[in-house]
Structures are given as C-alpha cells and as structure tokens.
Amino acid sequence: MDFKDITFVIQGPVIESITKKSIDNVRKLFPSSFIILSTWKGENISNINADLVIENEDPGPTILSYGKDDIARKANINRQICSTLNGLNAVQTEYAVKLRSDNILHSNEFIHYLNKFTKKTSQFSLFDQKIIYSNLFAKEITKGTKIPYFFSDFFHFGKTTDLKKLWSIDLFSNYNFQDRLSGKFQHKQYPMRCSHVEQDLWLAFLSKNTGKPFSLNDEYGANQDIADSYNYMINNIIILDYGMIGLEVPSRLEQPNKFPYEFYSFLRWKWLYESYFNLKSSIPINYKLKWYIGYFYKFIHHGIRYKAKGLFLKIKNYLLNFYNQE
C-alpha cells in the first residue's frame with residue numbers, strides 16, 4: 001500500500017504539546033500521506049502542520065444519564081461523531097485512518113494486517129473490507145460476564161467508504177430528566193443496567209445498515225446479542241493490540257490486559273476468527289488455557305452475582321411494566 005493512498009483524520013480538540021506531536025509523528029511515519037485535523041472553531045491551530053484544518057461547530061457534550069445526585073452525566077459522543085465524519089467527508093484517498101487528537105502514533109506496521117484476514121460471510125459482513133481497530137477499551141468480559149458490541153472507538157483504519165459508513169450515524173439526543181426517578185441513577189434503560197457509549201455507537205451503525213433495529217435491554221444483552229456481536233466483529237473488524245499499532249495514549253487511558261483477561265487482544269480475536277472459519281489454530285495452547293481459567297475465575301467471583309442481579313432487575317422491570325399497564 002502506498003502511503004499517498006492514505007489520509008489521516010485526526011479528530012478532537014487541539015491539546016497543547018500532544019496534538020502537534022501527533023501530527024508531526026504521522027508526517028514522519030507516512031511522509032506522502034494527507035493529514036486532516038478536524039477540530040472545533042476557536043482552537044489554537046497556529047503551530048499545526050496539517051494539510052487541511054476543518055473547524056467544526058462544537059455540538060457540545062451529550063447528556064446520557066443522571067446520577068443519584070440528580071447531576072447530569074455527559075459524554076462526548078456527538079462531538080466524536082461530528083469531528084470524525086466531517087473529517088472523513090473531506091478525504092479523497094482510498095484509505096483513511098481515524099485517530100484521536102490526544103493519541104500519538106509510533107509505527108506504520110499496522111497497515112500490513114489489513115489484507116491478512118480476508119475471510120467473511122455475506123450474512124454478517126457490512127463493509128467492502130474489514131476495518132482495523134485497536135483493543136483499547138474493547139471489552140469482551142466485564143464483571144465476569146460477556147458483554148456485546150463493546151468495540152473501541154480510538155483508532156480505525158480501512159477503506160474510506162467503509163469508515164464513512166461506520167460513522168454516518170445520527171447524533172444522539174439528550175436524555176431528559178425524569179422527576180419521578182429523582183435520587184436514582186436514571187437513563188434510557190432504567191431500571192436495567194445502562195449500556196456504554198462504545199456499544200451505543202455500534203448499535204446505531206447496525207440499525208442503520210442492516211434494515212432492522214438493534215438495541216440492548218441492558219449492558220449485557222441477551223445470549224443472541226452476544227452471538228451476534230461475535231459474528232459482526234469477526235466479519236467486519238480486525239482487533240490489534242494498541243502496542244502493535246504503536247499507539248500512545250495519555251496515562252489515564254492506558255489499559256493493562258493482564259490475566260485474568262477482560263479486554264480483547266489480537267490473539268483472542270485471531271483465535272475467534274480461526275474458529276469461526278474452521279481454520280487450523282495458530283494460537284498457543286497455554287494462552288487458550290489461561291483465557292479459560294481467567295474467564296472461569298471472573299465468572300465465579302463476579303459473574304454469578306451479576307447474573308443473579310440481572311435476573312432480579314428483569315423481574316422488577318416486568319412487574320413495573322405490568323403495574324403501569326394496569
């Protein structure tokens with residue numbers, strides 16, 4: 001792949017000393033690539049060495065829930081959609097990279113993985129070509145329980161048309177405070193457990209591109225949600241460890257993925273890919289054994305309790321709905 005066929009969309013606010021270094025590093029690693037900074041009006045861009053700067057109107061943070069203190073819990077989900085999509089819409093090359101403005105790239109080796117895992121099934125494939133993701137905050141298991149559609153939104157690399165498709169979703173509405181729930185943690189899935197931004201992004205993408213609505217009753221979903229999550233993941237994305245990508249993130253976002261495992265890793269993704277397509281396994285047996293032991297350990301220590309709590313919440317939700325209908 002020729003570097004001139006790749007455009008980098010670096011999205012987000014201009015962060016002193018980080019964003020400039022991020023762009024300069026991309027310039028060194030990909031000297032013939034085009035660089036777009038998609039940021040906000042009013043940001044200091046005086047020392048930015050990008051080929052194109054897009055100054056977007058800031059949509060502001062989005063209220064997704066209210067805590068027990070009745071204070072709004074906000075996320076930058078609309079900011080990310082806006083800056084990413086507006087940047088991608090200006091790309092004129094066949095391939096693109098979506099990179100956060102507070103992340104710094106130290107390698108160009110990730111491009112070699114794009115054409116290594118090309119098998120897919122038409123039933124679940126939604127892109128022309130798979131997109132490379134990092135494993136930063138790409139959760140497979142939380143609290144001893146598998147969680148669906150929790151894929152990273154930090155770094156994406158693939159065909160520009162596919163990245164546009166991924167990010168061409170509607171902006172999210174603010175959750176409206178409910179007086180009757182004052183003093184409770186309230187959100188769109190109350191009284192069940194709230195889904196996460198990463199999940200919401202993928203559910204919005206699937207709903208727009210499959211012809212059917214996708215939603216979760218709570219963050220853990222149902223068995224079918226877990227199965228579908230694996231199917232769509234294997235057929236649409238390639239997960240690389242962020243160290244393999246050469247991605248540097250702020251210390252507050254660093255993610256250890258030691259035993260017992262919680263996040264996806266490249267080995268775990270490759271294991272699932274090989275199993276799905278009945279390929280000869282290349283995954284070390286000791287890794288598989290450690291993964292199973294870790295999953296069993298987490299399930300015993302946390303999963304059983306959270307499964308029971310989830311069942312209690314479902315019964316409670318059913319009774320509340322029944323009472324309201326009466």
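All of these numbers come straight from a predicted model, not from anything done at the bench.

(A) Expanded view of the overall build of the protein chain. Of regular secondary structure, the protein chain possesses eight helices and 14 strands. Compactness check: the protein chain gives a C-alpha radius of gyration of 21 Å against a globular reference of 20 Å for 326 residues, within 12% of the reference. A buried classification covers 53% of the 326 residues belonging to the protein chain. Considering only contacts within the protein chain whose residues lie at least 6 apart along the sequence, 73% involve residues at least 24 apart. Only carbon and sulfur atoms are counted for the fraction: they give 52% of the accessible area of the protein chain, which is about 15,800 Å². Charge separation in the protein chain, taken as the distance between the mean sites of 41 positive and 32 negative side-chain charges, equals 7 Å.

(B) Structural view of a nonpolar patch on the surface. Together, F259, L289 and I293 line one region of the surface with nonpolar side chains, adding up to about 290 Å² of accessible area. With respect to the element layout, I293 can be found in helix α8 (residues 285–325).

(C) Focus on the side chain of S152. If you trace the backbone, S152 turns up in the loop between β10 (145–146) and β11 (155–159). At 2.8 Å, the side chain of S152 forms a polar contact with the backbone oxygen of L136. With residues near it in sequence (within four places) discarded, S152 still touches Y133, S134, L136, F137 and A138.

(D) Summary view of the pairing of strand β1 (residues 6–11). Burial within β1 is extensive, with six of its six residues counted as buried. Looking at chain direction, β1 and strand β6 (residues 95–100) are connected through six bridges and run parallel. Pairing of Q11 across the sheet is with R100, part of β6. Note that the unit made of β1, helix α1 (residues 19–29) and strand β2 (residues 34–40) has a crossover that is right-handed.

(E) Up close: the nonpolar core. Among the nonpolar cores identified, the biggest contains 75 residues, and F110, F155, F157, W202 and M233 are the most heavily contacted of them. Residues in contact with F110, not counting those within four places in the same chain, are F8, F30, V97, L105, I132, F155, F157, L240 and I245.

(F) Molecular detail of the pairing of β2. Of all seven residues making up β2, six are buried, and the element is well covered by its neighbours. Sheet topology places β1 next to β2; five bridges connect them, and they run parallel. Across the sheet, residue F8 finds its bridge partner in β2, namely I35. As defined by bridge partners, β2 adjoins strand β3 (residues 52–56) across five bridges and the pair is classed as parallel. When the bridges of β3 are listed, S38 appears paired with I54.

(G) Spatial organisation of the pattern of salt bridges. In total, this model carries twelve salt bridges according to the counting rule given. Of the charged contacts in the structure, one is a salt bridge between E57 and K41, with a shortest N-O distance of 2.7 Å. Remark: K41 occurs in the loop between β2 and β3 and E57 occurs in the loop between β3 and β4 (62–66); sequence separation between them is 16 residues. The same class applies to E57 as to K41, namely exposed.

(H) Inspection of α1 at higher detail. Residues T19, S22, I23, D24, N25, V26 and L29 constitute the buried set of α1. For α1, the elements touching its buried residues are β1, β2, β6 and β7 (104–105).

(I) Representation of unusual backbone geometry. Cis peptide bonds are those with omega within 30 degrees of zero, and the linkage from Y190 to P191 qualifies with 5°. Among the secondary structure elements, P191 is positioned in the loop between β12 (186–187) and α4 (197–210). Of note in this structure, N278 is not a glycine but carries a positive phi near 55°. Tracing the backbone shows N278 in the loop between α7 (266–276) and α8. Overall, N278 belongs to the exposed group, its relative accessible area being 71%.

(J) Here's a closer look at the sheet that holds β1. The sheet built from seven strands is open, its strands ordered β3-β2-β1-β6-β11-β8-β13 with mixed pairing. Strands with a single pairing partner mark the edges of an open sheet, and in this sheet they are β3 and β13 (237–240). Averaged over all pairs of adjacent strands, the angle between their axes in this sheet comes to 20°, without regard to strand direction.

The rules behind the values
- Residues numbered from 1 in each chain as written.
- Predicted model: local features only at pLDDT ≥ 70, side-chain atom pairs only at ≥ 80, totals over all residues.
- Heavy atoms only, no water.
- Helix = DSSP H or I, 4+ residues; strand = E, 2+ residues; numbered from the N terminus.
- Rg over C-alpha atoms; globule rule 2.2 N^0.38 Å.
- Buried < 20%, exposed > 50% of the residue type's maximum accessible area, 1.4 Å probe, protein only.
- Contact = heavy atoms within 4.5 Å.
- Areas by Shrake-Rupley, 256 points an atom, 1.4 Å probe, with all protein chains shown as cover.
- Lys, Arg positive; Asp, Glu negative; His and termini not counted.
- Charge placed at Lys NZ, Arg CZ, Asp CG, Glu CD.
- Patch = residues over 30% accessible without salt bridge, like charges linked within 9 Å, V, L, I, M, F, W, Y side chains within 5 Å.
- Salt bridge = Lys/Arg side-chain N within 4 Å of Asp/Glu carboxyl O.
- Polar contact = N/O pair within 3.5 Å; in protein donor to acceptor, adjacent residues only side chain to side chain.
- Pairing = 2+ DSSP bridges.
- Right-handed = clockwise from strand over helix to strand, strands pointing away.
- Core = buried A, V, L, I, M, F, W, Y, C linked by side-chain atoms within 4.5 Å.
- Axes fitted to C-alpha atoms, helices over the stretch in contact; angles between N-to-C directions.

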